[in-house]
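Per-entry structural report
So the chains spell out like this:
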Amino acid sequence: MAGARIRAIPLTYLGTLVIGMVLGVLIAEFGDLFWRFPVESVLVVVLVCSVVVLGWACREMLLDLVRRARGSAEPEEPASGAEPKLVPHQAAEILKPNGVRR
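First things first, this report covers the structure right here in the doc. (Residues numbered from 1 in each chain as written. Predicted model: local features only at pLDDT ≥ 70, side-chain atom pairs only at ≥ 80, totals over all residues. Heavy atoms only, no water.)

To continue, consider the overall build of the protein chain. Looking only at helices and strands, the protein chain has two helices and zero strands in total. Relative to its full complement of 102 residues, the protein chain shows a buried share of 2%. Here the protein chain has roughly 10300 Å² of accessible surface; of this, 69% comes from carbon and sulfur atoms. (Helix = DSSP H or I, 4+ residues; strand = E, 2+ residues; numbered from the N terminus. Buried < 20%, exposed > 50% of the residue type's maximum accessible area, 1.4 Å probe, protein only. Areas by Shrake-Rupley, 256 points an atom, 1.4 Å probe, with all protein chains shown as cover.)

The end-to-end C-alpha separation of helix 1 (residues 11–36) is 35 Å, in line with the 38 Å expected for 26 residues at 1.5 Å each. Taken as a whole, helix 1 carries its principal kink of about 75 degrees at Phe30. (Expected span 1.5 Å × (residues − 1). Bend = angle between axes of the 7 residues up to and from the residue.)

Scanning the entire structure with this criterion turns up three salt bridges. For Arg59, the salt bridge goes to Glu60, with nearest N and O atoms at 2.9 Å. You can call Arg59 partly exposed: its relative accessible area is 47%. The shortest N-O distance in the salt bridge between Arg68 and Asp64 comes to 3.4 Å. Highlighted residues: Arg68 and Asp64, both in helix 2 (residues 38–71), separated by four residues, approximately one helical turn. (Salt bridge = Lys/Arg side-chain N within 4 Å of Asp/Glu carboxyl O.)

Attention now goes to the side chain of Ser41. Turning to its location among the elements, Ser41 is positioned in helix 2. Overall, Ser41 belongs to the buried group, its relative accessible area being 14%. Polar contacts involving the side chain of Ser41 include one to the main-chain carbonyl oxygen of Phe37, which spans 2.7 Å. If we skip the residues at most four places from it in the chain, Ser41 touches Leu33 and Phe34. (Polar contact = N/O pair within 3.5 Å; in protein donor to acceptor, adjacent residues only side chain to side chain. Contact = heavy atoms within 4.5 Å.)

Another aspect to go through is a nonpolar patch on the surface. Nonpolar side chains collect at one region of the surface, where Val18, Ile19, Val22, Leu23, Leu26, Phe30, Leu33 and Phe37 lie side by side and expose about 690 Å² of accessible area between them. For Phe37, the location among the structural elements is in the loop between helix 1 and helix 2. For Phe37, a relative accessible area of 38% corresponds to the partly exposed category. (Patch = residues over 30% accessible without salt bridge, like charges linked within 9 Å, V, L, I, M, F, W, Y side chains within 5 Å.)

Encoded structure:
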């Protein structure tokens, strides 16, 4: 045991294992309902997946909002190769009468 090495297991592997075990238990317990009502089962699965995606999207938006609120006190330096920033709308006097830019 003194020479045994322990490898770190990624969190995604553990998450996949837990989800697989939960699905296995659900199919073992309620498998007859899945086969008796296939359309309703698919609709429930789609509903659950959409709620999970919606929750993930809300979490990402809130984290982005928190990052922006924390970063507003400190001005950011633009990094080279960063995505292009939006520029404010330019005044109408730089446009030609027909709306084409000079």
